[in-house]
Structure formats: C-alpha cells, structure tokens
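Remarks on the overall topology
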Amino acid sequence: MEFIIITLVKTGLVAFILLTTLAYLQWVERKVIAHVQARVGPYRVGPHGLLQPLADVVKLMTKEDLIPDHVNKVFYVLAPFLAVFLALLSISVIPFGPAVEIFGIKTNLGLADINIGILLILAVSSLGVYGIALAGWASNNKYSLMGGLRSAAQMVSYELPMALAIAAPLILSNSLNLREIVDTQAGNWYGIPNWNIFTGGQIFGFFLFMIAAFAETNRIPFDLPEAENELVAGFHVEYSSMKFAGFFMAEYANMITVCSVATVLFLGGWHSPIPSQAGSGVFAALVHFAAAGMLFFHAMHAARPFDKITFPVFGVVISGIGAIFLAGAFVWPALGAAINGLFWYGAKTFILLFVFIWIRATLPRFRYDQLMRFAWLFMFPAALLNMLITAFFVALKG
Amino acid sequence: MPQGYLPIFLFLIIAMAFPVIAILTAKLVRPSSPSKLKLEAYECGIEAVGNSRGRYAVRFYIISILFVIFDVETVFLFPWAVRFHQLGWFGVIEIAVFLAILIVGYVWVYKKGALEWV
C-alpha cells in the first residue's frame with residue numbers, strides 16, 4: 001500500500017516538473033538565442049518574459065484548429081498525439097538520484113527501476129518516428145510528405161550509431177538497468193571522477209551519442225524535416241493550434257530525454273565530481289549564492305523600475321535554496337544525499353540542454369545528401385569501432 | 001518484479017491523457033470558422049496541382065531496408081554487451097567474426113553505391 005502511495009506521489013511530481021520544464025525550456029531557448037544574436041528576447045510578459053510560456057499556451061489554445069479536407073483524418077489526428085505521449089513516456093525510467101531515506105520513507109529518486117531501462121528508452125524513442133512520418137504522410141501536402149520522408153530516413157539512419165554508442169557503456173557496466181549503470185560510475189580514480197566519459201574512455205562514444213541525439217530530435221544542424229527555406233515547415237505545415245503545439249512539446253521532451261540518457265550513460269548520472277558529500281553540497285550552495293548575488297547586483301542597476309522589486313525577491317528565493325544545500329551538507333546528511341544527487345543530475349542535464357540551444361544559435365543546416373553520407377559512412381563505422389575498442393580494452397583488463 | 005512496471009503504466013496514463021485533455025480544452029475556447037480557402041493544401045498561396053500520393057525517390061526505400069538489416073545486428077549486440085564480463089576474450093573473438101561477416105555486406109552495399117545519396 002505504502003509503495004502505491006509513494007509511486008502515485010512521485011509520478012505526479014515528475015509529471016508536473018517535466019511539463020513545467022518543457023514550457024520553460026522554450027523560454028530558455030528563446031532567451032539564449034536572443035542573447036547570442038544581441039537581442040533581449042521575450043521581455044514584456046512578466047519580469048524578463050518569465051510568464052511568456054503561459055501566454056503562449058493561452059495563444060495556442062485560442063487559435064482556430066483547422067483540419068483541411070484533403071487530409072487522412074484518422075492519422076492526421078493520431079500523429080501529434082503519438083508524438084507527444086511517446087516523447088513524454090521515456091522519462092519514467094530515468095533515475096534522478098540515489099536511494100534515499102527521508103522521514104522514515106525509503107525510496108529511489110526516479111520513477112520505475114526496471115531491468116531493461118535502456119532498452120525501453122530505445123524502443124520508445126524509435127517508435128517516435130511514427131509520429132512525424134505519419135504526420136507528413138497524412139497531411140497529403142507535398143512539403144509535409146517530403147518532411148516526413150526525410151525525417152523517417154534520417155531518424156532510422158542515426159538510430160544505428162546511437163544504439164552502437166550506447167552498447168559501449170553497456171560493455172563497461174554489464175547491465176541494462178539505468179540505476180546499476182550509474183552505480184558502476186561511483187567514486188573516483190586518482191581524483192578523476194569514475195564516469196564512463198573519463199575513466200571508461202568513452203569520450204569519443206559520448207560525442208557520437210550526442211551527434212546522433214541531435215539527429216534523432218530533429219534539431220539544428222540536422223533539422224532537415226522542417227527546413228523552413230525549402231519545405232516551409234516540413235511535416236507540420238498543415239497543423240495548427242494545439243496539434244501544432246504537440247509537435248513542439250514532443251521535440252523538447254525528446255531533448256530532455258536524450259540529455260538525461262547521456263548524463264546517465266556517460267556523465268555519471270547523479271554522482272558528484274567532488275568526492276566528499278559536504279564538499280559537493282557546499283559547491284551547490286555556492287552556485288546558488290552566486291546566482292542570487294548576480295540578481296542583487298542587477299537589481300541595483302535595474303533597467304526597469306519593476307525589476308527593483310522582482311530581482312531581490314528571486315534573489316532571496318535562490319539564496320534560500322542555497323541555504324538548504326548548506327543545511328544538507330552540515331546539519332542533515334540524509335537530506336544532503338538526496339538534494340546533492342538531484343542537483344548534479346539537473347546540472348549535467350541542463351548543461352547538455354544548453355549545448356543543444358547553443359548549437360542551434362551557431363550552426364547552419366546540413367544538406368540532405370551530406371547528412372545521409374555522414375550517418376552511413378562516418379557515424380556507423382566509427383560507432384562500431386568505438387564499441388570494438390572498448391570491448392578489447394575491457395577484455396585486456398580482465 | 002512486475003510491480004516495478006507500475007510507475008511506467010501510471011506515467012503512460014498521464015502521458016496519454018495530457019494531449020487529449022489539452023486538445024479537448026482547446027476545443028471549448030477556440031473559434032471555428034472554416035472556409036474553402038483555409039482548407040486547401042498550403043503551397044505558398046499557389047493553387048495545389050494534384051495531391052501528394054504520387055511517386056518519390058527510391059533512395060528512402062533502400063535506406064529503410066538497410067536499416068532493418070543493420071538494426072537486427074545491433075539487437076544482437078545488446079545481450080552480448082550485457083554479458084561481456086563473463087565472456088571475456090571469447091566474446092571479443094566471437095563478435096569480431098560476427099561483425100566481419102556484416103562488414104563484408106556493408107562494403108558490398110557501399111561498392112554498389114547504395115549509400116551515396118546522389
């Protein structure tokens with residue numbers, strides 16, 4: 001009974017946090033790209049555009065939802081639905097933190113702890129191609145069809161190197177359970193964290209995985225399915241209102257999933273690069289205090305009178321979170337273990353998400369033949385070689 | 001442990017309910033005034049010629065066939081990778097032979113030009 005209640009609470013929490021993150025990832029992306037291009041980005045709705053995601057939801061809700069009469073209705077409606085729910089599903093096997101015990105309740109931070117976690121993620125993410133390919137075909141529009149076809153070919157081509165890049169960490173940890181994979185990356189070796197990317201020698205595998213992840217999520221520089229200047233908007237030309245929003249949510253949810261998987265497989269999951277628990281708690285606290293300090297500093301030179309109130313408020317909230325990390329480091333070790341794990345998992349995932357956005361602001365798009373050549377003539381042999389070399393060295397070590 | 005799958009099913013229900021609820025809520029508040037022009041296929045304002053159920057490049061078909069072949073191969077690699085510590089050097093040699101056979105096929109496909117897009 002207790003198990004069911006804890007599961008219900010955890011599922012609700014994770015769903016809420018995931019959906020909020022999805023909405024705010026959009027805001028972060030617009031802000032980062034704006035600053036890369038020397039603009040300010042969303043600024044009008046709420047302090048520094050922080051309420052922009054809510055405004056977007058209201059806007060998309062109240063838009064007219066056209067279903068053109070030349071489409072194949074069943075698949076046309078099914079496609080965004082498939083895209084969203086398959087994209088949301090795979091987060092349920094990601095472990096966010098260690099097993100903790102707070103208020104006498106023992107639980108794993110993370111939803112499901114199953115033996116085939118990574119297989120489930122691979123299966124669900126390869127089903128994701130149906131959403132886009134069906135959308136492109138059912139729209140019965142030439143641009144959409146081109147986008148859908150391109151996307152299907154691109155996603156299956158990059159799925160091979162992705163699966164092969166995943167196989168290398170599996171050789172190191174000998175488990176398909178994501179929690180066990182993270183557990184094998186605990187500790188450090190002469191001060192170097194014992195993560196697969198460092199002591200496992202998977203730096204090359206990590207880059208292969210990330211490149212394939214960009215192609216799997218249809219992000220720039222591999223966003224051929226929706227190449228604006230050739231295909232208008234690719235597979236979602238004929239979609240409007242919430243159905244259109246569905247594809248966007250699916251894209252961001254997929255980004256969060258692949259970044260989480262990269263964190264778990266290569267970057268040591270929730271493990272901190274600082275060996276002592278107090279040390280990593282203090283580090284987390286310092287990061288929060290620095291952020292709060294920056295907010296207080298900007299409040300003194302506020303661009304708008306409104307910022308003089310909102311910035312200090314946010315600053316106080318963030319220093320409060322920092323104080324919790326300090327308390328976890330010195331007063332309450334059980335709490336410290338939990339929130340440090342969450343902090344390091346979140347920090348690593350967010351840095352990878354930032355890289356996704358950064359590259360979108362930096363690189364132009366590939367040409368389609370270059371994209372396919374790259375997948376089959378470089379990525380596939382390279383990932384195979386990476387896996388064989390890993391196997392060789394693991395066997396050599398005994 | 002079948003109870004380990006409970007959170008996945010719960011999350012599946014949430015993930016399936018969420019888009020349905022969002023689309024149904026939108027149905028209550030949004031306007032709906034379709035017209036003949038709005039319902040046409042969008043081709044940048046020019047009247048659409050025919051529909052898109054025609055023929056397209058055979059390359060996509062070749063890619064999907066190749067994917068099936070090589071994806072089955074990666075499926076074989078996963079159980080091997082998970083039991084690698086028990087297999088040791090035997091595992092390395094075994095997989096080298098397995099991959100050598102596949103690489104012959106890969107080279108043949110490359111020589112035939114199936115991997116060149118243009």
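Residues numbered from 1 in each chain as written. Chains lettered and ligands numbered in written order. Predicted model: local features only at pLDDT ≥ 70, side-chain atom pairs only at ≥ 80, totals over all residues. Heavy atoms only, no water.

Volume-wise, the second largest pocket comes out at about 800 Å³. Contributing to the lining of the second largest pocket are 26 residues, with P53(A), D56(A), V57(A), L60(A) and M249(A) lying nearest its centre. Looking at the lining of the second largest pocket, the elements that each hand over two or more residues are helix 1 (2–36), helix 2 (52–61) and helix 9 (241–265) of chain A together with helix 1 (6–29) of chain B. For the lining of the second largest pocket, the class distribution of residues is 18 nonpolar, four polar and four charged. (1 Å grid on protein atoms, 1.4 Å probe; cavity = no way out; pocket = protein on both sides within 12 Å on 5 of 7 lines; lining within 4 Å. Points joined across faces, edges and corners; volume = space filled by probe spheres on them. Helix = DSSP H or I, 4+ residues; strand = E, 2+ residues; numbered from the N terminus. Nonpolar A, V, L, I, M, F, W, Y, C, P; charged D, E, K, R; others polar.)

The subject of this paragraph is the pattern of salt bridges. Residues and elements named next belong to chain A. All chains considered together, the criterion is met by eight salt bridges over all chains. Two residues, E29 and R219, come together in a salt bridge whose shortest N-O distance is 2.6 Å. Of this pair, E29 sits in helix 1 while R219 sits in the loop between helix 7 (203–216) and helix 8 (228–231), and the two are 190 residues apart along the sequence. Side by side, E29 and R219 carry an identical accessibility label, which is buried. A salt bridge links D65 to K243, with the shortest nitrogen-to-oxygen separation between them at 2.9 Å. Of the two residues, D65 is situated in the loop between helix 2 and helix 3 (73–89) and K243 in helix 9; the sequence distance between them amounts to 178 residues. Judged by relative accessible area, which is 4%, K243 ranks as buried. Linked through salt bridges whose partners overlap, the residues forming this network are E29, R219, E251 and R360. (Salt bridge = Lys/Arg side-chain N within 4 Å of Asp/Glu carboxyl O. Buried < 20%, exposed > 50% of the residue type's maximum accessible area, 1.4 Å probe, protein only.)

Now for the nonpolar core. One finds I166(A), F209(A), W376(A) and W80(B) to be the most contacted residues of the largest nonpolar core, which totals 123 residues. Ranked by residues supplied to this core, first place goes to helix 5 (residues 142–173) of chain A with 15 residues. No fewer than three residues from each of domain 1 (1–31) and domain 2 (57–118) of chain B sit in this core. The contact partners of I166(A), leaving out residues within four places of it in the chain, are I118(A), L122(A), F209(A), L265(A) and F78(B). Among the nonpolar cores identified, the runner-up in size contains 11 residues, and I102(A), A285(A), F325(A) and L335(A) belong to it. (Core = buried A, V, L, I, M, F, W, Y, C linked by side-chain atoms within 4.5 Å. Domains from an automatic or database assignment. Contact = heavy atoms within 4.5 Å.)

Turning our attention to the interface of chain A and chain B. On the chain B side, the residues contacting the 82 residues of chain A number 68 residues. Roughly 6600 Å² of surface becomes buried between chain A and chain B when both sides are summed, with 77% attributable to carbon and sulfur atoms. Our count for the contact surface shared by chain A and chain B stands at one salt bridge. Linking chain A with chain B are five residue pairs in polar contact (both at pLDDT 80 or more). Counting only elements with at least two residues in the side of chain A that touches chain B, the list comes to helix 1, helix 3, helix 4 (117–138), helix 5, helix 9 and helix 13 (368–397) of chain A. (Buried area = accessible area lost by both parts, 1.4 Å probe. Polar contact = N/O pair within 3.5 Å; in protein donor to acceptor, adjacent residues only side chain to side chain.)

All names here are of chain A. The full count for this structure, using the stated rule, is four cavities of 30 Å³ or more. Roughly 370 Å³ of internal volume is contained in the largest cavity. If you go around the largest cavity, you meet 28 residues; those closest to its centre are M155, E216, T217, A250 and N254. Counting only elements with at least two residues in the lining of the largest cavity, the list comes to helix 3, helix 4, helix 5, helix 7 and helix 9.

Moving on to the packing of helix 2 (residues 59–82) of chain B against helix 4 (residues 89–111) of chain B. Two measures define how a pair of helices packs: the angle their axes make with one another and the distance between the axes. Residues and elements named next belong to chain B. It is at 12 Å that the axes of helix 2 and helix 4 come closest, and there the two elements cross at 175°. Here helix 2 lies roughly antiparallel to helix 4, going by the angle between them. The residues of helix 4 that touch helix 2, namely those facing L66, F70, E73, F76, L77 and W80, are G91, E94, I95, F98, L99, L102, Y106 and V109. Split by residue class, the contact of helix 2 with helix 4 holds 11 nonpolar, one polar and two charged. (Axes fitted to C-alpha atoms, helices over the stretch in contact; angles between N-to-C directions. Parallel < 35°, antiparallel > 145°, perpendicular 65-115°, else oblique.)

Residues and elements named next belong to chain A. Counted under the stated rule, the structure contains 30 aromatic pairs over all chains. Residues F81 and F85 carry aromatic rings whose centres are separated by 5.5 Å and whose planes lie at 40° to one another, so their mutual orientation is tilted. With a gap of four residues between them, F81 and F85 both fall in helix 3, about one helical turn apart. Comparing F81 with F85, the two get one shared label, buried. When the centroid spacing of 5.8 Å and the interplanar angle of 85° are considered together, the rings of F392 and F393 count as edge-to-face. One aromatic cluster is present, formed by Y158, F222, F366, F374 and F378 through successive ring pairs. Of note, K348 hangs over the ring of W195, and the distance from its end group to the ring centre comes to 4.0 Å. (Phe/Tyr/Trp six-rings, centres within 6.5 Å; stacked < 30°, edge-to-face > 60°. Lys NZ or Arg CZ within 6 Å of the ring centre and 35° of its normal.)

With that out of the way, let us pick up the packing of helix 1 of chain A against helix 12 (residues 333–362) of chain A. Residues and elements named next belong to chain A. Between helix 1 and helix 12, whose axes approach to 9 Å, the crossing angle comes to 50°. In terms of their interaxial angle, helix 1 and helix 12 are classed as oblique. Here helix 1 and helix 12 pass one another in a crossing that is right-handed. In this structure, helix 1 contributes L25, V28, E29, V32, I33 and V36 to the contact, and helix 12 contributes F350, L353, F354, I357, R360 and A361. (Left-handed = near helix turned anticlockwise from the far one by under 90°.)

Right, let's talk about the domain arrangement of chain B for a bit. Looking at chain B, the domain boundaries give domain 1 (1–31) and domain 2 (57–118). Distance between the C-alpha centres of domain 1 of chain B and domain 2 of chain B: 37 Å.

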